[in-house]
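# Fold and geometry: a report
The primary structure of each chain is shown beneath.
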Amino acid sequence: MLAALNKAIDRDELNKAFFSGEGQPMFLTHQDANRLGWNPDWEKRFKGEYGYDPEGAKKLLAEAGQTNLTITMQV
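Residues numbered from 1 in each chain as written. Predicted model: local features only at pLDDT ≥ 70, side-chain atom pairs only at ≥ 80, totals over all residues. Heavy atoms only, no water.

Under the counting rule described, the total for this entry stands at three aromatic pairs. Relative to Phe46, the ring of Phe27 has its centre 5.3 Å away and its plane inclined at 75°; by these criteria the two rings are edge-to-face. Here Phe27 is found in the loop between α2 (11-19) and α3 (40-50), whereas its partner Phe46 is found in helix α3, with 19 residues between them in sequence. Here Phe27 falls in the partly exposed class, since its relative accessible area comes to 22%. Taking 5.6 Å as the distance between ring centres and 40° as the angle between the ring planes, the aromatic pair formed by Phe46 and Tyr50 counts as tilted. With Phe46 and Tyr50 both in helix α3 and four residues apart, this pair spans about one turn of that helix. Members of the aromatic cluster, joined through ring pairs, are Phe27, Phe46 and Tyr50. (Phe/Tyr/Trp six-rings, centres within 6.5 Å; stacked < 30°, edge-to-face > 60°. Helix = DSSP H or I, 4+ residues; strand = E, 2+ residues; numbered from the N terminus. Buried < 20%, exposed > 50% of the residue type's maximum accessible area, 1.4 Å probe, protein only.)

Looking now at unusual backbone geometry. Positive phi outside glycine occurs at Ser20, with the angle close to 55°. Note that Ser20 resides in the loop between α2 and α3. Of the residues examined, Ser20 reaches a relative accessible area of 63% and is grouped as exposed. Backbone geometry at His30 places phi at a positive 65°, although glycine is not the residue there. Mapped onto the secondary structure, His30 falls in the loop between α2 and α3. Taking the relative accessible area as the measure of exposure, His30 reaches 66% and is therefore exposed.

By volume, the largest pocket amounts to about 520 Å³. Along the wall of the largest pocket there are 16 residues; nearest its centre are Asp10, Arg11, Asp12, Pro25 and Phe46. At the level of elements, α2 and α3 are the ones that each hand at least two residues to the lining of the largest pocket. At five residues, the largest contribution of residues to the lining of the largest pocket is made by α2. Split into classes, the residues belonging to the lining of the largest pocket amount to eight nonpolar, four polar and four charged. Here the second largest pocket is characterised by a volume of approximately 210 Å³. The wall of the second largest pocket is formed by Asn6, Arg11, Met26, Phe27, Leu28, Thr29, Trp42, Arg45, Phe46, Glu49 and Tyr50. Of all the elements, α3 adds the most residues to the lining of the second largest pocket, at five residues. (1 Å grid on protein atoms, 1.4 Å probe; cavity = no way out; pocket = protein on both sides within 12 Å on 5 of 7 lines; lining within 4 Å. Points joined across faces, edges and corners; volume = space filled by probe spheres on them. Nonpolar A, V, L, I, M, F, W, Y, C, P; charged D, E, K, R; others polar.)

The analysis is restricted to geometry; functional conclusions fall outside its scope.
As structure tokens, this is what we get:
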């Protein structure tokens, strides 16, 4: 279900809304391209595995039996 939630997030729109488009993507928690052990394949694979895909998210949620999932975000 975590993959579905990742696909449901439009990171570009959040970046524009909260950071005026200046935010930098983070492809792996607690790791960036400047640190030892970085694997450039993580960045290459990110869009396909976790990029914004609302239909893909709905499909994954349905496969997990979560057809009525509602998320409320307070800002």
